Amino acid sequence: MSKKGFLTQQELESKVEDGLIETIVVAFTDHYGRLMGKRVDADYFLETVIKSGTHGCNYLLTTDMAMEPVPGYEYANWELGYGDFHLVPDLATLRIADWLDKTALIICDLHNEKSHALESIAPRSILKKQLDELGKDDMQCFAASELEYYLLENSYKQAFEQNYHNLTPAGYYLEDYHIMQGTRNEKYTSVVRRHLKNSGIQVETSKGEWGLGQHELNVKYSEVLPMADNHIVYKQCMKEVADAMGLSVTFMAKFVSDQAGSSSHIHMSLWKNGRNAFAGDTEFGPVKGSDLFRWFLGGWIKHVPDVMPFYAPTINSYKRFVDGSWAPTRLAWSYDNRTAGFRVVGSGQSLRIECRIPGADCNPYLAFAASLASGLDGIRNKIEPPECFVGDIYAAAHLPRVPYTLAEATAMFEHSKFAKEVFGKEVVEHYTHFFKTEQRAYDAYVTDWERKRYFEQI
């Protein structure tokens with residue numbers, strides 16, 4: 001018997017036979033973290049796809065946001081003819097998509113058509129490579145990602161037709177933890193909670209956040225790969241439920257300049273033999289932990305500049321990093337201190353590290369892979385973390401700062417020896433081109449800010 005919301009092959013067969021499931025969404029994520037794939041007839045899925053997979057055009061790992069084929073990639077291009085990759089369903093991810101009618105969803109790994117190996121540049125493959133490294137020491141990684149988002153009273157189509165101007169947030173005062181405003185939005189949030197629960201995602205809490213119409217919905221932690229899968233399903237469910245209700249949600253890191261940004265805080269701990277490997281008796285300031293905890297933290301902090309685009313992948317990401325805005329701006333750690341880029345919380349078996357750097361726009365596979373790779377390198381090389389910081393880190397101008405722009409972060413990623421060692425040269429070159437393409441698209445675009453500033457006055 002599968003856990004609630006998930007399906008075994010036998011359970012799926014039974015539901016298809018009874019007419020309860022008619023469609024299977026066969027999906028993966030592109031670099032942006034968007035769910036891509038096909039809808040497959042349930043009978044055809046059971047006859048063919050569950051055994052042999054299906055195919056997709058490999059340009060999907062090179063496209064930009066507008067689905068334009070982008071030149072300059074070694075992996076796929078016009079000269080190579082944009083062939084196929086192989087979508088291989090991961091049966092452990094087969095679940096009911098409760099918010100859709102008679103539909104199940106399965107997440108796929110992407111395999112090379114010729115070698116049948118994982119496509120090394122696919123986001124899920126990048127995370128699985130780091131899990132292979134972790135497995136060499138017989139350890140597990142448990143993680144959670146806390147997603148924040150803005151809820152708008154406008155539909156997605158209305159927002160598009162209004163050029164995303166003059167949108168109406170689902171709140172008119174800062175509502176952080178306010179039950180009253182949460183009640184007003186329960187017509188949406190309660191539906192999402194129920195659908196997520198029925199789709200195999202255990203919801204813990206929902207609450208108002210520190211922006212007009214901003215909210216957070218937290219789901220239970222799990223092993224890191226299922227957590228990344230849940231993150232993707234959670235976002236898809238929220239968007240599609242909003243769309244069906246004539247509303248919209250955005251996971252932009254900075255939706256409006258004078259409001260709080262939206263984060264995706266990552267909590268992470270390593271476990272071995274059923275015990276938290278971070279737990280220990282050595283004192284690190286106010287924290288008691290193990291050497292593994294200390295070195296993992298040291299590596300995670302040290303390598304932020306090497307992997308920053310995996311935490312903050314868009315132009316918009318970097319507009320979130322504002323002092324005094326609840327978003328971290330400096331590379332330091334502290335205990336239960338929300339001004340820190342790395343906030344250590346819990347004790348004993350609950351001890352974990354919260355990285356507050358990723359925004360809600362991150363691809364969770366890439367953000368988790370970057371976090372894990374950095375921490376494991378810290379353990380391998382016994383990297384010491386800085387001293388625990390006490391006080392307002394926003395005011396500590398002497399501490400190293402997160403990169404200011406995507407261009408700056410991409411340059412550090414491109415030339416990082418560490419990134420090439422842990423992800424592979426092919427991955428670094430591919431994603432460098434991806435992030436540079438995003439930067440060029442922005443650089444060439446004339447913005448509303450420019451027109452408002454210069455039209456008359458210049």
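Now for a quick tour of the structure. Bear in mind the structure is a predicted one, so any value in this text is a computation, not a measurement. (Residues numbered from 1 in each chain as written. Predicted model: local features only at pLDDT ≥ 70, side-chain atom pairs only at ≥ 80, totals over all residues. Heavy atoms only, no water.)

Some thoughts on the overall build of the protein
The criterion, for reference: Under the scheme used here, helices are H or I runs from DSSP no shorter than 4 residues and strands are E runs no shorter than 2 residues, and both carry numbers assigned from the N terminus. Each radius of gyration reported is based on C-alpha atoms, and the globular scaling rule is 2.2 Å times the count of residues to the power 0.38. Categorising residues by exposure relies on relative accessible area from a 1.4 Å probe, with only protein chains included: less than 20% of the type maximum marks a residue as buried, more than 50% marks it as exposed, and the intermediate range marks it as partly exposed. In short, Shrake-Rupley with a 1.4 Å probe defines the accessible areas, and a residue's cover is counted only from the protein chains shown.
Looking only at helices and strands, one finds 14 helices and 18 strands in the protein. Expected size for 458 residues packed as a compact globule is a radius of gyration near 23 Å; at 22 Å, the protein falls within 12% of this value. The dimensions of the protein, computed from C-alpha atoms along their principal axes, are 65 × 60 × 55 Å. Counting across all 458 residues of the protein, residues that qualify as buried make up 57%. Summed over its atoms, the accessible surface of the protein is roughly 20800 Å², and 52% of this surface lies on carbon and sulfur atoms.

Looking at the packing of helix α7 (residues 224–244) against helix α10 (residues 364–380)
Here is the rule: The axes used here are C-alpha line fits, helices contributing only the stretch in contact, and every angle between their N-to-C directions lies in the interval 0 to 180 degrees. For classification, angles of less than 35 degrees are called roughly parallel, those exceeding 145 degrees roughly antiparallel, those between 65 and 115 degrees roughly perpendicular, and all remaining angles oblique. Take the far helix as your reference; a near helix turned counterclockwise from it by less than a right angle gives a left-handed crossing, and one turned clockwise gives a right-handed crossing. By definition, residues are in contact when any of their heavy atoms lie within 4.5 Å.
Between α7 and α10, the shortest axis-to-axis distance is 9 Å and the interhelical angle comes to 150°. By the angle class used here, α7 and α10 are roughly antiparallel. When you trace α7 past α10, the crossing you get is right-handed. For the pair α7 and α10, the contacting residues are Val224, Leu225, Met227, Ala228, Asp229, His231 and Ile232 in the first and Pro364, Tyr365 and Phe368 in the second.

Brief notes about helix α11 (residues 406–414)
For the record, the criterion: Taken from the helix axis, the directions to the C-beta atoms give the arc we talk about.
Among the residues of α11, those classed as buried are Leu406, Ala409, Thr410 and Phe413. Seen along its axis, α11 keeps its buried residues to an arc of 100°; they face one direction.

Focus on the pairing of strand β2 (residues 35–41)
Worth spelling out the cut-off: Note on pairing: DSSP must find at least two bridges between two strands before they are called paired.
Direction of pairing for strand β1 (residues 23–29) relative to β2: antiparallel, over a ladder of seven bridges. Its bridge partner lying in β2, Ile24 is registered against Val40. Hairpin connection, β1 to β2: the antiparallel pair is bridged by five residues, and Gly33 has positive phi, about 90°.

Some points on the pattern of salt bridges
Note on pairing: side chains with opposite charge can pair once their charged atoms come close. Stated formally: Note on definitions: salt bridges are taken to be side-chain nitrogens of Lys or Arg within 4 Å of carboxyl oxygens of Asp or Glu.
By the definition in use, this model includes 19 salt bridges. A salt bridge links Asp229 to Arg124, with the nearest nitrogen and oxygen atoms 2.9 Å apart. Of this pair, Asp229 sits in helix α7 while Arg124 sits in helix α3 (residues 123–135), placing them 105 residues apart in sequence. The buried category is assigned to Asp229, whose relative accessible area is 3%. Accessibility expressed as a relative area gives 6% for Arg124, which makes it buried. What emerges from the salt-bridge pattern is a single network uniting Asp90, Asp109, Arg124, Lys128 and Asp229.

Digging into a nonpolar patch on the surface
Filter applied, for reference: Patch members must show over 30% relative accessible area and no salt bridge, and they are joined within 9 Å when carrying like charges or within 5 Å when they are nonpolar side chains of Val, Leu, Ile, Met, Phe, Trp or Tyr.
A cluster of nonpolar residues, Leu174, Trp210 and Trp326, forms a patch on the protein surface that exposes about 290 Å² of accessible area. If you trace the backbone, Trp210 turns up in the loop between β8 (203–208) and β9 (214–219). On the accessibility criterion, Trp210 (33% relative accessible area) is partly exposed.

Description of helix α8 (residues 291–302)
Structurally, the α-helix is built with 3.6 residues per turn, so residues lying three or four positions apart point the same way. What counts here: Expected span of a helix, by definition, is 1.5 Å for each gap between consecutive residues, and there is one gap fewer than residues. Each polar contact in these results corresponds to two N or O atoms within 3.5 Å; when the atoms are within protein, one needs to be able to donate a hydrogen and the other to accept it, and residues that are neighboring in sequence are counted only if both atoms are side-chain atoms.
With 12 residues, α8 extends 16 Å from end C-alpha to end C-alpha; this agrees with the ideal 16 Å at 1.5 Å per step. Across the 12 residues of α8, nine count as buried, placing the element largely inside the fold. Considered for burial, the residues of α8 that qualify are Phe293, Arg294, Trp295, Phe296, Leu297, Gly298, Gly299, Trp300 and Ile301. For α8, the side-chain oxygen to backbone nitrogen distance between the N-cap and Leu292 is 3.3 Å, and the N-cap itself is Ser290.

Topic: the environment of Asp98
Residue position: Asp98 is located in the loop between β5 (95–96) and β6 (103–112). Taking relative accessible area as the criterion, Asp98 reaches 25% and is therefore assigned partly exposed. Remark: the alpha-carbon pair of Asp98 and Val192, spanning 94 residues in sequence, is separated by 9.8 Å. The residues contacting Asp98, other than those within four sequence positions of it, are Arg194, His195, Asn198 and Ser199.

Quick word on unusual backbone geometry
With phi around 50°, Lys102 is a residue other than glycine that occupies positive phi space. Following the sequence through the fold, Lys102 ends up in the loop between β5 and β6. Lys102 sits in the partly exposed class, given a relative accessible area of 34%. Non-glycine residue His116 carries a positive phi angle of around 65°. Of the residues examined, His116 reaches a relative accessible area of 52% and is grouped as exposed.

A few points about the state of the cysteines
Put simply, the test is: Disulfide: a pair of cysteine sulfur atoms within 2.5 Å of each other.
Enumeration according to the criterion identifies zero disulfides in this entry. Cys108 takes part in no disulfide bond, and the closest cysteine sulfur to it belongs to Cys57, at a distance of 16 Å.

Here we look at the packing of aromatic side chains
Rules: When two rings of Phe, Tyr or Trp (its six-membered ring) have centres within 6.5 Å they constitute a pair, described as stacked for plane angles under 30 degrees, edge-to-face for angles over 60, and tilted for the intermediate range. To sit over a ring, a charge needs its Lys NZ or Arg CZ within 6 Å of the ring centre and within 35 degrees of the ring normal.
Summed over the entire model, instances satisfying the criterion amount to 24 aromatic pairs. Look at Phe284 and Phe293: their rings are 5.9 Å apart centre to centre, the planes differ by 50°, and that puts the pair in the tilted class. Comparing Phe284 with Phe293, the two get one shared label, buried. Ring geometry for Phe296 versus Trp300: centroids 5.7 Å apart, planes at 80°, classification edge-to-face. Of this pair, Phe296 and Trp300 both sit in helix α8, four residues apart, which is roughly one turn of the helix. Like Trp300, Phe296 is buried. Feature note: the residues Tyr32, Phe310, Phe413, Phe423, Tyr431, Phe434 and Phe435 constitute an aromatic cluster, connected by ring pairs. The ring centre of Tyr177 lies 4.0 Å from the NZ or CZ of Lys207, which sits over that ring.

Section: the pairing of strand β3 (residues 54–57)
On β3, burial follows the alternation: Thr54 and Gly56 on one face are buried, whereas His55 and Cys57 on the facing-out side are not. Bridging between β3 and strand β4 (residues 84–89) involves four bridges; their strand directions are antiparallel. Residue pairing in the sheet places Cys57 in a bridge with Asp84 of β4.

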